[in-house]
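# Inside the fold
Letter by letter, the chains look like this.
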Amino acid sequence: MGDERPHYYGKHGRQRPPGCTDIICCIFLLLAIVGYVAVGIIAWTHGDPRKVIYPTDSRGEFCGQKGTKNENKPHLFYFNIVKCASPLVLLEFQCPTPQICVEKCPDRYLTYLNARSSRDFEYYKQFCVPGFKDNKGVAEVLRDGDCPAVLIPSKPLARRCFPAIHAHKGVLMVGNETTYEDGHGSRKNITDLVEGAKKANGVLEARQLAMRIFEDYTVSWYWIIIGLVIAMAMSLLFIILLRFLAGIMVWVMIIMVILVLGYGIFHCYMEYSRLRGEAGSDVSLVDLGFQTDFRVYLHLRQTWLAFMIILSILEVIIILLLIFLRKRILIAIALIKEASRAVGYVMCSLLYPLVTFFLLCLCIAYWASTAVFLSTSNEAVYKIFDDSSCSLTAKTCNPETFPSSNESRLCPNARCQFAFYGGESGYHRALLGLQIFNAFMFFWLANFVLALGQVTLAGAFASYYWALRKPDDLPAFPLFSAFGRALRYHTGSLAFGALILAIVQIIRVILEYLDQRLKAAENKFAKCLMTCLKCCFWCLEKFIKFLNRNAYIMIAIYGTNFCTSARNAFFLLMRNIIRVAVLDKVTDFLFLLGKLLIVGSVGILAFFFFTHRIRIVQDTAPPLNYYWVPILTVIVGSYLIAHGFFSVYGMCVDTLFLCFCEDLERNDGSQERPYFMSPELRDILLKGSAEEGKRAEAEE
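Note that the coordinates shown come from a computational prediction; the quantities given were computed from them, not determined experimentally.

### Topic: the packing of helix 1 (residues 23-46) against helix 16 (residues 491-517)
Two elements in contact, helix 1 and helix 16, have axes whose closest approach is 7 Å; the angle formed by their N-to-C orientations is 70°. The angle between helix 1 and helix 16 places the two elements in the roughly perpendicular class. In this structure, helix 1 uses C25, C26 and L29 to contact helix 16, whose residues at the interface are T491, G492, A495 and F496. Broken down by class, the residue content of the contact of helix 1 with helix 16 amounts to five nonpolar, two polar and no charged.

What follows is the structure, encoded as structure tokens:
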């Protein structure tokens, strides 16, 4: 290692030209991208997203699609929804009952027998198969599946008609009925329908909740954007103030976080006291159960007590950490000051997360569109359905030739109807593999984009550290220079690190899939083994992310390949493990407090505004179904915005820390081998290192 010198190591910051690293991995990445594009083209050629948007009737025709005969029939109607509870649905992904496209779902209870002898027959016929002619007897119509035996009041859900089941005084009802006629003259309890529709009704409640949330977004989106802009302004202001007042800002941030949490505890206590004696406020959360209207929970004393306990625990933990880490915080503040200077000289680095976000959006969009086209590139498969015992059931058939085929004669009651989308060709058999490849390439490219951002930022900040005369020796455009070097020389190394992480991530996805499949099994050993594997690979992913991050910093400093950089970074951290524990985690803790300060401030402001506690000029908060919807949106969005700004600082601190460790090992502060760190950073860090060393010797 004695002959290796950083790119930025040299008089007046002159750089040693780097060489290309991990060329084989670069070639593999390019070939994989070409294959990924080919998969996308094949999927787009064979896929049909209409299969996801529009429901399909028994003939494989889309409902509600423009330009077809079902253009004005957007809903799918099931003749007998009870049969959807059949195990055959799990195998064939299609209910074994005739399905037709209808203009509207049934809005009344009516049997075929009663409708035929009344004026409602014209209404009833629109729910029969297309082209139905009343030239058969009742038994023949029901046997051939030309018309449903009974119509039940239904509601559309995802363009499909499901029974409108509800409870009235503890009795299950459909419309105003508690029983229905099965078409053979006998009446049955509505409970028989629940097995076929209970899942639909659960989804219906979820749909109603989703619609209310959507309504809240439509009336509050303007104020949500204003809240996010405020969060962005606060984050930017905080970063700018760190540039000039790092020490003061850190202590102000710590005090503000303590005060914000203290106010939260006080507010929870006041609400807890206010509800004392109110009717129903002493009901426990367990007794209340899950409610879609979350405002109900705010009327319970137990809710505010839980909030108060959680905030109190956080307050105590933060205060204890500050007491025990007070000296180390001073060292971390010095490193943050140095990072503030580096960010100040490379201000455009604060905007680089937008580039990463844009590239990640491209990866997500390509992956999602390819997945949709792959999942819809199957062909319509028709199979024989028969309620009686027929040996030909589930065999493939052709709906055009089925009436005159030998199968129809062997099974007179059988029907040839659309079953699912599939195929028997090699392409269709390879669809699962293509989906796995699609997911794997998404992980690989997404990790590559993140790695590119880390190397770019690390290269820009390393150029600041290794400049002997700051800022005179800095390159004109350090961020763009680092970005160009990363793409030109180190694409293979970035691809190598991203590949390792992608392999672990795709294994975790497969384990999650297998875990879902094994949930119904009672094998405790298999469940225990699966849990252990998931835990191990989760830990492995976290370790690889940590190692990759530091390896990318070493790549930016030395231009070595990925394996060499990872090895050097790991042993460098191990040789400075005390400094890692002191500085890295403390600075992460301080940055977390900064994020909490911004998120907490904006969240409190959003809470007071959307609960009508405050008004902005003449405007007031819009009426909402759930005021927690915009509040949570603002809080999550504020955290993501603050994380984007502070991630630049985090990368800067990590880069400067590794550069500092390298500087200490390679230089001694003499005129021949001067330190590249600033005098302020040298005084604080070397003093802190000496104290840590004395403490370690005393313990021995």
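### As for the state of the cysteines
All chains considered together, the criterion is met by three disulfides. Disulfide partner of C105: C161, at an S-S distance of 2.0 Å. Residues C105 and C161 are joined by a disulfide whose S-S torsion is about -85°; by sign, that bridge is left-handed. Here C161 lies in strand 6 (residues 160-163) and C105 lies in the loop between strand 2 (99-102) and strand 3 (110-111), a separation of 56 residues in the sequence. Accessibility assignment for this pair places C105 and C161 in one class, buried.

### Section: the nonpolar core
Of all hydrophobic cores here, the largest spans 101 residues; its most connected members are L242, W444, Y465 and L590. Ranked by residue count, the leading element in this core is helix 14 (residues 431-465), at 20 residues. Y465 has contacts with K470, L656, C659, F660, D663, F676, M677 and L681, leaving out every residue within four places of it along the chain. Grouped together as the second largest cluster of nonpolar side chains are 18 residues, F79, Y124, C128 and C161 included.

### Structural notes on the packing of aromatic side chains
Aromatic rings in a pair are described by how distant their centres are and how their planes are angled relative to each other. Using the criterion set out here, one finds 31 aromatic pairs in the structure. Between W44 and Y366, the ring centres sit 5.6 Å apart and the planes meet at 75°, which makes this aromatic pair edge-to-face. In this pair, W44 sits in helix 1 while Y366 sits in helix 11 (residues 352-375), placing the two residues 322 residues apart along the sequence. Relative accessible area serves as the criterion here: at 38%, W44 is assigned to the partly exposed category.

### Quick word on unusual backbone geometry
We note that D22 has phi near 50°; this positive angle belongs to a residue other than glycine. Mapping D22 onto the fold places it in the segment before helix 1.

### Concerning a nonpolar patch on the surface
Among the surface-exposed residues, L236, I240, F244, L245, I248, V252, I255, M256, L259 and M347 lie close enough to one another that they form a single nonpolar patch of about 900 Å² accessible area. Residue position: L245 is located in helix 7 (residues 191-274). For L245, a relative accessible area of 38% translates into the label partly exposed.

### Digging into helix 15 (residues 478-489)
Along its 12 residues, helix 15 runs 16 Å from first to last C-alpha, staying within 8% of the 16 Å computed at 1.5 Å per residue. The set of residues buried in helix 15 consists of P478, L479, A482, R485, A486 and Y489. Taken around the axis of helix 15, the buried residues stretch over an arc of 135°, which confines them to a single face. Exposed and oriented more than 90 degrees from the buried face of helix 15 are F480 and R488.

### Considering the pairing of strand 2
Taking every second residue as pointing to the same face, both faces of strand 2 are buried, with Q99 and C101 on one and I100 and V102 on the other. As defined by bridge partners, strand 1 (residues 75-78) adjoins strand 2 across four bridges and the pair is classed as antiparallel. Each residue of the ladder has a partner; that of F77, found in strand 2, is I100.

### A word on the pairing of strand 6
Side-chain positions along a regular strand alternate between the two faces of the sheet. Sheet topology places strand 5 (residues 154-157) next to strand 6; four bridges connect them, and they run antiparallel. Considered in strand 6, the bridge of L157 is made with R160.

### Things to note about the environment of F214
Relative to the helices and strands, F214 resides in helix 7. Look at F214 and you get exposed, because its relative accessible area is 52%. Once the C-alpha coordinates of F214 and N625 are considered, the two residues, 411 residues apart in sequence, prove to be 9.9 Å apart.

### Some words on the environment of R469
Examined against the element boundaries, R469 turns out to sit in the loop between helix 14 and helix 15. For the pair R469 and S678, spaced 209 residues apart in sequence, the C-alpha separation works out to 9.7 Å.

### Things to note about the layout of surface pockets
Estimates place the volume of the largest pocket at around 1800 Å³. Every residue lining the largest pocket is counted, 49 residues in all, and those nearest its centre are Q454, R549, H643, G644 and S647. For the lining of the largest pocket, the elements supplying multiple residues, two or more each, are helix 7, helix 11, helix 14, helix 16, helix 17 (524-558), helix 19 (577-610) and helix 20 (628-666). Take the lining of the largest pocket: its biggest share by element is 14 residues, from helix 20. Residue classes in the lining of the largest pocket are distributed as 30 nonpolar, 12 polar and seven charged.

### Quick notes on helix 1
Under the 1.5 Å per step criterion, the end-to-end length of helix 1 is 35 Å for 24 residues, consistent within 8% with the ideal 34 Å. Among all positions in helix 1, only C25, L29, A32, Y36, V39, G40 and A43 are buried.

Rules used in this analysis
Residues numbered from 1 in each chain as written. Predicted model: local features only at pLDDT ≥ 70, side-chain atom pairs only at ≥ 80, totals over all residues. Heavy atoms only, no water. Axes fitted to C-alpha atoms, helices over the stretch in contact; angles between N-to-C directions. Helix = DSSP H or I, 4+ residues; strand = E, 2+ residues; numbered from the N terminus. Parallel < 35°, antiparallel > 145°, perpendicular 65-115°, else oblique. Contact = heavy atoms within 4.5 Å. Nonpolar A, V, L, I, M, F, W, Y, C, P; charged D, E, K, R; others polar. Disulfide = S-S within 2.5 Å. Buried < 20%, exposed > 50% of the residue type's maximum accessible area, 1.4 Å probe, protein only. Core = buried A, V, L, I, M, F, W, Y, C linked by side-chain atoms within 4.5 Å. Phe/Tyr/Trp six-rings, centres within 6.5 Å; stacked < 30°, edge-to-face > 60°. Patch = residues over 30% accessible without salt bridge, like charges linked within 9 Å, V, L, I, M, F, W, Y side chains within 5 Å. Areas by Shrake-Rupley, 256 points an atom, 1.4 Å probe, with all protein chains shown as cover. Salt bridge = Lys/Arg side-chain N within 4 Å of Asp/Glu carboxyl O. Expected span 1.5 Å × (residues − 1). Arc of directions from axis to C-beta. Pairing = 2+ DSSP bridges. 1 Å grid on protein atoms, 1.4 Å probe; cavity = no way out; pocket = protein on both sides within 12 Å on 5 of 7 lines; lining within 4 Å. Points joined across faces, edges and corners; volume = space filled by probe spheres on them.

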